[in-house]
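Architecture and fold: a report
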Amino acid sequence: MKNVLVTGGAGFIGSNFIHYFLRTETDVRLINLDSLTYAGNLDSLQDIANDPRYRFVQGNICDSEQIDAVLREYQIDTIVHFAAESHVDRSILGPRQFIETNVMGTFTLLDATRNYWIRDKAHALDDVRFHHVSTDEVFGSLAPGEPAWTEETPYAPNSPYAASKASSDHLVRSYGHTYGLPYTITNCSNNYGPYQFPEKLIPLTILNALEGKPLPVYGDGQQIRDWLHVEDHCEAIYLVLAKGKTGSTYNIGGENQPANLTIVETICDILDEVNAGAEFTPHRNLIQFVKDRPGHDRRYDMDTHKISTELGWRPRHTLTEGLLDTVQWYLAHPEWVSVVRQRQEYKGWLDANYKSR
Ligand code: NAD
Ligand code: TYD
């Protein structure tokens, strides 16, 4: 790992990964290629913007010429591919962009990489890796009592987002099988933590609660996600890059499975304590049940036996500590929050998704 290309590094997990990676590896060059969609935010990387090991390139993974030029200019030997459209509700309201970015973008990146590493033999194949960051949502939805998903579970994606990620996983695997592209894939459960764009459940709940706005809970709120702190995800990706077997996939999950309603209630209780005396205490009074998401997956659960036995990974954060840290992070970063909140794009999204619910 000498010259690392991170795609989507201005997003939630990508920016956390860049921080993690630069703390962990000293002798590297890291190129962050991001097109800066509504979800991209360079404020999340301000502290390392002038680090000599780091370079930002504004670019689109669908632009094959630009990708080709970046691979060659920086002699990229390692790719960590985060760039994607990542929000299920947006994929329901507008699926096309998900196909463009997640399917065509991943294809474009894979093909440029194949040309550079395999056709043009830019590096020895033992020295390169294409790591694809994917999701547990490719596996569909579990009924009560069904066992957790393993790496062998067949894909059954339900939302346009999940289907586009499943397609991208298949493309990565096919480039390994057909052309010998050295790859790894991780499928991870729902992340939470610093720098998450407040359209996702946890930051949306925190920020709405601080303003005394309704806390929307879809349907009966009994859907279950396998929440994982983003730093634990970053550590798992790092371990897979460093020690994972080429051509393998690894499941990553949080071993935390309370229902959505419990997550929202826990955040309310944390705010009652850390923000005692706030006008909106008790914050649970702000909870509002709203119309369910169409096709809403009921339960996710990842079996993480493989990554824990092969690579020794386990999540370090408990959900209780992780949620408290996350609430405190949002309270401690009002500038980051206010810039994101003031963007017209964000306000427009809240109207589009919640007004008619
Ligand atoms: P995010 O939406 O916060 O960030 C995505 C980033 O990709 C943004 O910076 C955006 O500007 C960039 N991007 C989008 N389209 C692009 C394009 N065409 N070219 C270049 N850059 C582009 O997403 P996230 O939550 O950080 O997720 C990162 C990855 O992890 C995604 O692939 C997602 O599917 C996967 N994942 C996310 C979660 C989660 O809970 N958030 C869980 C498992 C896997
Ligand atoms: P989300 O954070 O959008 O992640 P994902 O859809 O990828 O799991 O949603 C997490 C869960 O919270 C999901 O079951 C949908 C639910 N949810 C709500 O109940 N209300 C909301 O306003 C949002 C955004 C999500």
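Now for a quick tour of the structure.

What counts and what doesn't
- Residues numbered from 1 in each chain as written.
- Chains lettered and ligands numbered in written order.
- Predicted model: local features only at pLDDT ≥ 70, side-chain atom pairs only at ≥ 80, totals over all residues.
- Heavy atoms only, no water.
- Near = heavy atom within 4 Å.
- Polar contact = N/O pair within 3.5 Å; in protein donor to acceptor, adjacent residues only side chain to side chain.
- Areas by Shrake-Rupley, 256 points an atom, 1.4 Å probe, with all protein chains shown as cover.
- Helix = DSSP H or I, 4+ residues; strand = E, 2+ residues; numbered from the N terminus.
- Domains from an automatic or database assignment.
- Buried < 20%, exposed > 50% of the residue type's maximum accessible area, 1.4 Å probe, protein only.
- Pairing = 2+ DSSP bridges.
- Right-handed = clockwise from strand over helix to strand, strands pointing away.
- Disulfide = S-S within 2.5 Å.
- Core = buried A, V, L, I, M, F, W, Y, C linked by side-chain atoms within 4.5 Å.

Observations concerning the site of ligand 2
Within the structure, ligand 2 sits among 18 residues, and Glu-137, Asn-190, Arg-293, His-296 and Tyr-354 are positioned closest to it. Contacts to ligand 2 include Glu-137, whose side-chain N or O atom sits 2.5 Å from an oxygen atom. Between ligand 2 and Leu-201 there is a distance of 2.9 Å, counted from an oxygen atom to a backbone nitrogen or oxygen. For ligand 2, whose free accessible area comes to 510 Å², the fraction covered by protein is 97%. Contributing elements (two or more residues each) for the shell around ligand 2: helix H6 (201-211) and strand E8 (215-218). Counting residues per element, the shell around ligand 2 draws most heavily on E8, which supplies three residues. Domain assignment of the residues forming the shell around ligand 2 places at least three in each of domain 1 (3-189 + 227-254 + 300-315) and domain 2 (196-224 + 258-298 + 318-346).

Regarding the pairing of strand E6 (residues 183-188)
Along E6, six of the six residues are buried, which leaves the element largely enclosed by surrounding structure. Of the two faces of E6, the one carrying Tyr-183, Ile-185 and Asn-187 and the one carrying Thr-184, Thr-186 and Cys-188 are both buried. Sheet topology note: the strand E5 (residues 129-135)/E6 ladder contains six bridges and is parallel. Bridging across to E6, Phe-130 finds its partner in Tyr-183. Crossover E5 to E6 through helix H5 (residues 160-179) is right-handed.

Regarding the state of the cysteines
According to the stated counting rule, one finds zero disulfides in the structure shown. Left unpaired, Cys-188 is separated from the closest cysteine sulfur, that of Cys-234, by 9.3 Å. For Cys-188, a relative accessible area of 3% corresponds to the buried category.

Some details on the pairing of strand E4 (residues 78-81)
Of the two faces of E4, the one holding Thr-78 and Val-80 and the one holding Ile-79 and His-81 are both buried throughout. Here strand E1 (residues 3-7) runs beside E4; their pairing, made up of four bridges, is parallel. Paired with Val-4 across the bridge in E4 is Thr-78.

Observations concerning the nonpolar core
Core analysis: the biggest nonpolar cluster contains 35 residues, and Ile-202 and Ile-267 have the highest contact counts within it. Counting residues in each nonpolar core, the second largest holds 24 residues, with Leu-71, Ile-76, Ala-112 and Phe-130 among its members.

Notes on the site of ligand 1
Taken together, 28 residues are adjacent to ligand 1, and Ile-13, Asp-34, Ser-86, Tyr-161 and Lys-165 come closest. The contact in question runs from an oxygen atom of ligand 1 to an N or O atom on the backbone of Ile-13, over 2.7 Å. Measuring from a nitrogen atom of ligand 1, one finds a backbone N or O atom of Ser-35 at 3.1 Å. For ligand 1, the protein covers 96% of the area, taking 840 Å² as the surface of the free molecule. Counting residues per element, the ones that place at least two in the shell around ligand 1 are helix H1 (12-24), E5 and H5. The biggest single contributor to the shell around ligand 1 is E5, with three residues.

Shape descriptors only; they carry no functional weight alone.
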